[in-house]
Amino acid sequence: MTADVLIIGSGPAGYTAAIYAARAGRTTQLITGAQQGGQLMITPSIENYPGFAKVISGAELMEQMRQQVESIGVEIIYDTVDSVDFSNRPFKLIGESKRIYEGKTVVIATGATAKWLQVPGEMEYRGRGVSACATCDGFFFKNKDVVVVGGGNVAIEDAIFLTNFAKSVTVIHRRDELRAEKILQTRFFNNPKTNIIWDSIVTEIIGDGNRVSSVKLRNVRDNSESYSYKETEGVFVAIGHQPNTSIFNGQIKLDNVGYIVTNHHGFVKTSIEGVFAAGDVCDPFYRQAITSAGQGCMAGIEADKFLSNCD
């Protein structure tokens, strides 16, 4: 079967695109990808998604979206797309299963993956003091001492944001100067809650089995084997995200980082007519479940409009 709308990805953007496409009367298939539900599957608590008065886990939210999508007739396919061919319509996708999928339109909602430190304790304490999203999790660190790892715009923006909640925010940076814009640096250094540890990297995240308690640091300037420890209740990793777009190289326009280029910031049309993008795969700025869902809505509507013009 050639689907009217073929969606790659099963996070908030993909599921919402599926809802709008199916409700428009379009035959809709959604290919889940390797991690059904996307990044939210490792988010233990969500308090900023509208409609939930009580805390809900990312896994629970994604399960409710999946059930809603299935209830309106979307075919959910448990496969991972290995390659694509956008040279002609219908567009073709090839899965790990070697199955070929065809779509009159395609919505790319493959998301982005946070870059992690890859140090001992990081995986163990994710969701228990370790986070890659200050906007998502800062609220949980009221009156606590936290650290931010990184030195670019995102790290300094996160550090400034966290001062709204935390008692203190310490940036740990491997160099002796920040890469962030000067105006952000000024705001950071003028904030009484912030400080910085230069020329240092985190080599281990330490906890009591339940929560983070400290980080182990090594000074890179003298390259010594001497270590220091910084007590902290939260570790925010802010060294960037990698959009999941490797399979689209040479098929669609990407920026120099790898994000899909759309017709306007926040819009969903790509360089290929009939192919749309939604969520973190084209959004390096907000990276929120609600903004991804909003773009998924736009992509579903735009796919339906495109098909209407072709009919």
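This text follows the structure it describes.
Conventions and cut-offs
Residues numbered from 1 in each chain as written. Predicted model: local features only at pLDDT ≥ 70, side-chain atom pairs only at ≥ 80, totals over all residues. Heavy atoms only, no water. Helix = DSSP H or I, 4+ residues; strand = E, 2+ residues; numbered from the N terminus. Buried < 20%, exposed > 50% of the residue type's maximum accessible area, 1.4 Å probe, protein only. Contact = heavy atoms within 4.5 Å. Polar contact = N/O pair within 3.5 Å; in protein donor to acceptor, adjacent residues only side chain to side chain. Core = buried A, V, L, I, M, F, W, Y, C linked by side-chain atoms within 4.5 Å. Disulfide = S-S within 2.5 Å. Pairing = 2+ DSSP bridges. Axes fitted to C-alpha atoms, helices over the stretch in contact; angles between N-to-C directions. Lys, Arg positive; Asp, Glu negative; His and termini not counted. Salt bridge = Lys/Arg side-chain N within 4 Å of Asp/Glu carboxyl O. Expected span 1.5 Å × (residues − 1). Phe/Tyr/Trp six-rings, centres within 6.5 Å; stacked < 30°, edge-to-face > 60°. Lys NZ or Arg CZ within 6 Å of the ring centre and 35° of its normal. Parallel < 35°, antiparallel > 145°, perpendicular 65-115°, else oblique. Left-handed = near helix turned anticlockwise from the far one by under 90°. Nonpolar A, V, L, I, M, F, W, Y, C, P; charged D, E, K, R; others polar.

Considerations on the environment of Ser 10
Then, number 1: When you line up the elements, Ser 10 lands in the loop between β1 (2-8) and α1 (12-23).
Then, number 2: On the basis of relative accessibility, which here comes to 2%, the residue Ser 10 falls in the buried class.
Then, number 3: Once you skip the residues sitting within four places of it in the chain, Ser 10 turns out to touch Tyr 15, Leu 30, Ile 31, Thr 32, Gln 35, Gln 36, Gly 37, Gly 38 and Met 62.
Then, number 4: For Ser 10, the side chain forms a polar contact with the main-chain oxygen of Thr 32, separated by 2.9 Å.
Then, number 5: A distance of 2.9 Å separates the side chain of Ser 10 from the backbone nitrogen of Gly 37, its partner in a polar contact.

Details of the environment of Ser 45
Then, number 1: Structurally, Ser 45 can be placed in the loop between β2 (28-31) and α2 (58-71).
Then, number 2: You can call Ser 45 partly exposed: its relative accessible area is 25%.
Then, number 3: What Ser 45 contacts, discounting residues up to four positions off in sequence, is Val 55, Ile 56, Ser 57 and Phe 140.

Quick word on the nonpolar core
Then, number 1: By size, the foremost hydrophobic cluster in this structure holds 30 residues, and its most contacted members are Val 5, Ile 7, Tyr 15, Leu 61, Val 69, Val 107 and Phe 276.
Then, number 2: Of all the elements in the fold, those that place two or more residues in this core are β1, α1, α2 and α6 (289-310).
Then, number 3: Ranked by residue count, the leading element in this core is α1, at seven residues.
Then, number 4: The contact partners of Val 69, leaving out residues within four places of it in the chain, are Tyr 15, Ala 18, Ile 19, Val 74 and Ile 76.
Then, number 5: Core analysis: the next-biggest nonpolar cluster, separate from the first, contains 20 residues, Leu 6, Ile 31, Val 106 and Ala 277 among them.

A word on the state of the cysteines
Then, number 1: Taken as a whole and assessed by the stated rule, the structure comprises one disulfide.
Then, number 2: Cysteine Cys 282 is unpaired, with the sulfur of Cys 297 as its nearest cysteine sulfur at 14 Å.
Then, number 3: What makes Cys 282 buried here is its relative accessible area of 9%.
Then, number 4: Exposure remark for Cys 297: the relative accessible area of 18% places this residue in the buried category.

Brief notes about the sheet that holds strand β12 (residues 200-207)
Then, number 1: Strand order across the open sheet formed by three strands is β12-β13-β14, with antiparallel pairing between neighbours. Each edge of the open sheet carries a strand with a single partner, namely β12 and β14 (227-231). Taken over all neighbouring pairs, the strand axes of this sheet differ in orientation by 30 degrees on average, direction set aside.
Then, number 2: Here strand β13 (residues 212-219) pairs with β14 via five bridges, running antiparallel.

Concerning the pairing of β13
Then, number 1: For β13, a buried count of six out of eight residues is recorded, marking the element as mostly surrounded by other parts of the structure.
Then, number 2: Where β12 lies against β13, seven bridges are found, and the strand directions are antiparallel. Looking across to β13, one finds that Ile 201 is bridged to Arg 218.
Then, number 3: Between the end of β12 and the start of β13, which pair antiparallel, lie four residues, with Gly 209 showing a positive phi angle near 100 degrees.

Re the side chain of Asp 280
Then, number 1: Residue position: Asp 280 is located in the loop between β17 (275-277) and α6.
Then, number 2: Look at Asp 280: it is buried, it has no salt bridge, and the nearest opposite charge is Arg 287 at 5.7 Å.
Then, number 3: A polar atom in the side chain of Asp 280 sits 3.3 Å from the side chain of Gln 39.
Then, number 4: Residues within four places of Asp 280 in sequence aside, it is in contact with Gln 39, Gly 111, Ala 112, Tyr 259, Arg 287, Gln 288 and Ser 292.

Considering α6
Then, number 1: Over its 22 residues, α6 extends 31 Å from the first C-alpha to the last, a length consistent with the 32 Å expected when each residue adds 1.5 Å.
Then, number 2: Along α6, the residues that are buried comprise Ser 292, Ala 293, Gln 295, Gly 296, Cys 297, Ala 299, Gly 300, Ala 303, Asp 304, Phe 306 and Leu 307.
Then, number 3: Looking at the buried positions of α6, the neighbouring elements they touch are β1, α1, β6 (100-108) and β17.

Here we look at the packing of aromatic side chains
Two measures describe an aromatic ring pair: the distance that separates the ring centres and the angle between the ring planes.
Then, number 1: Tallied over the full model, the rule gives 10 aromatic pairs.
Then, number 2: A ring pair is formed by Phe 139 and Phe 165, whose centres lie 6.3 Å apart and whose planes are at 80 degrees; its orientation type is edge-to-face. Of the two residues, Phe 139 is situated in the loop between α3 (134-137) and β9 (145-149) and Phe 165 in the loop between α4 (153-162) and β10 (168-172); the sequence distance between them amounts to 26 residues.
Then, number 3: On the accessibility criterion, Phe 139 (40% relative accessible area) is partly exposed.
Then, number 4: Assessed through its relative accessible area of 19%, Phe 165 is described here as buried.
Then, number 5: Here Phe 188 and Phe 189 contribute two aromatic rings whose centre-to-centre distance is 5.1 Å and whose plane-to-plane angle is 75 degrees, an arrangement assigned as edge-to-face.
Then, number 6: Taken together, the ring pairs connect Phe 139, Phe 140, Phe 161 and Phe 165 into an aromatic cluster.
Then, number 7: Over the aromatic face of Trp 116 sits the side chain of Arg 126, whose NZ or CZ is 3.8 Å from the ring centroid.

Looking at the packing of α1 against α2
Then, number 1: The geometry of α1 relative to α2 is characterised by a closest axis approach of 9 Å and an angle of 20 degrees between their N-to-C directions. By the angle between their axes, α1 is roughly parallel relative to α2. When you trace α1 past α2, the crossing you get is left-handed. The residues of α2 that touch α1, namely those facing Pro 12, Tyr 15, Ala 18 and Ile 19, are Met 62, Met 65, Arg 66, Gln 68 and Val 69.
Then, number 2: Looking at the contact of α1 with α2, its residues break down into seven nonpolar, one polar and one charged.

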